Amino acid sequence: MHEEANGDGDRGGAPDAAPGGVEREFLSLERELTVLLRRARANQGEMAREVHPDLESSAYGLLVRLDECGGQRATDLAAYIGVGKATMSRQLRALEELGLVAREPDPADGRAWLVALTDEGRGRVGRVREARRARYVSQLAHWNRREVSELARLLHELNDVMEK
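Residues numbered from 1 in each chain as written. Predicted model: local features only at pLDDT ≥ 70, side-chain atom pairs only at ≥ 80, totals over all residues. Heavy atoms only, no water.

Novice: So what exactly am I meant to see when it comes to the overall build of the protein chain here?
Specialist: Within the protein chain one finds six helices and two strands. Mapped in sequence order, the helices and strands of the protein chain form the string α-α-α-α-β-β-α-α. Here the protein chain holds 164 residues, and the buried ones make up 22% of them. (Helix = DSSP H or I, 4+ residues; strand = E, 2+ residues; numbered from the N terminus. Buried < 20%, exposed > 50% of the residue type's maximum accessible area, 1.4 Å probe, protein only.)

Below you can see the structure in the form of structure tokens.
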């Protein structure tokens, strides 16, 4: 916990504003999120290489989405990841060439295709995700389980707010 906070973020009285009128809590939040995101990008690159040495780091999130949600249309994947159709097509071609994904007819619409993990892709992604979870368990072993749960809950809330 940062020295400035007393546990609940309320020090009583007027907010402690930093230069520029931004409250210190929000400056601290911005700083910590910047560090977290920088580390997450670096970890994503490492995890991508663990799945396959030729895998682009940006494609790792795509594989995780397919692992969690099953077959998806390319347009839905592009919208979720936040890239255009051309970028998604290029990433999917590369993943197909690596044998990690395959296209299959959409049972709900015979004209459309779903992209899904192959057995090889599912196995590789599963092993990397399990190793990542094991690292979290090891790194946070000194944390109380309720703290881990609270962090997950707060990050979920933050992600919901940021999505809107």
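Picking up where we left off.
Novice: Can you help me understand the confidence of the model for the protein chain in this one?
Specialist: Looking at the protein chain, pLDDT values average 88 and 87% of them are 70 or higher. When mean pLDDT is compared element by element in the protein chain, helix α5 (residues 119-139) scores highest at 96, while strand β2 (residues 109-117) scores lowest at 91. Note on residues 1-11: pLDDT is under 50 here. Beyond four places in sequence and across chains, it has nine contacts. (pLDDT = per-residue confidence, 0-100. Contact = heavy atoms within 4.5 Å.)

Novice: Please clarify how the environment of Leu92 should be interpreted in this entry.
Specialist: Tracing the chain through its elements places Leu92 in helix α4 (residues 85-97). Leu92 sits in the buried class, given a relative accessible area of 0%. Placed 23 residues apart in sequence, Leu92 and Val115 show a C-alpha to C-alpha distance of 8.2 Å. Discounting residues that sit within four places of it in the chain, Leu92 has contacts with Leu62, Ala74, Leu77, Val101, Arg103 and Val115.

Novice: Where do I start with the packing of aromatic side chains in this structure?
Specialist: Any aromatic ring pair is given by two values, namely how distant the centres are and how the planes are angled relative to each other. Applying the stated criterion across every chain, the model contains zero aromatic pairs. When the ring centre of Tyr80 is taken as origin, the NZ or CZ atom of Arg65, which lies over that ring, is 3.7 Å away. (Phe/Tyr/Trp six-rings, centres within 6.5 Å; stacked < 30°, edge-to-face > 60°. Lys NZ or Arg CZ within 6 Å of the ring centre and 35° of its normal.)

Novice: Would you explain the pairing of β2 in this entry?
Specialist: Looking along a regular strand, one sees the side chains alternate between the two faces of the sheet. The pairing of strand β1 (residues 101-106) with β2 spans six bridges and is antiparallel. Residue pairing for β2: Val101 is matched across the bridge by Leu117. Two successive antiparallel strands, β1 and β2, enclose a turn made up of two residues. (Pairing = 2+ DSSP bridges.)

Novice: For this particular structure, what's the right way to read the pattern of salt bridges?
Specialist: Oppositely charged side chains are able to pair whenever their charged atoms sit close together. For the coordinates displayed, the defined rule picks out 13 salt bridges. Across the salt bridge formed by Glu96 and Arg103, the nearest N and O atoms sit 3.2 Å from each other. Assessed through its relative accessible area of 30%, Glu96 is described here as partly exposed. Classification of Arg103 by relative accessible area gives partly exposed; the value is 36%. Between Glu150 and Arg153 there is a salt bridge, with the nearest N and O atoms lying 2.6 Å from each other. Of this pair, Glu150 and Arg153 both sit in helix α6 (residues 145-163), separated by three residues, roughly a single helical turn. By relative accessible area, which is 35% here, Glu150 ends up partly exposed. (Salt bridge = Lys/Arg side-chain N within 4 Å of Asp/Glu carboxyl O.)

Novice: Whenever I open this one, the packing of helix α2 (residues 60-69) against helix α3 (residues 74-81) confuses me. Can you help?
Specialist: Think of two packed helices as two axes; the pair is described by the angle between the axes and how far apart they sit. Packing of α2 against α3 brings their axes to within 11 Å, and their N-to-C directions diverge by 120°. Classified by the angle their axes make, α2 and α3 are oblique. Every pair of crossing elements has a handedness; the one defined by α2 and α3 is right-handed. Together, Gly61, Leu62, Arg65 and Leu66 of α2 and Leu77, Tyr80 and Ile81 of α3 make up the contact between the two elements. Tallied by class, the residues present in the contact of α2 with α3 amount to five nonpolar, one polar and one charged. (Axes fitted to C-alpha atoms, helices over the stretch in contact; angles between N-to-C directions. Parallel < 35°, antiparallel > 145°, perpendicular 65-115°, else oblique. Left-handed = near helix turned anticlockwise from the far one by under 90°. Nonpolar A, V, L, I, M, F, W, Y, C, P; charged D, E, K, R; others polar.)

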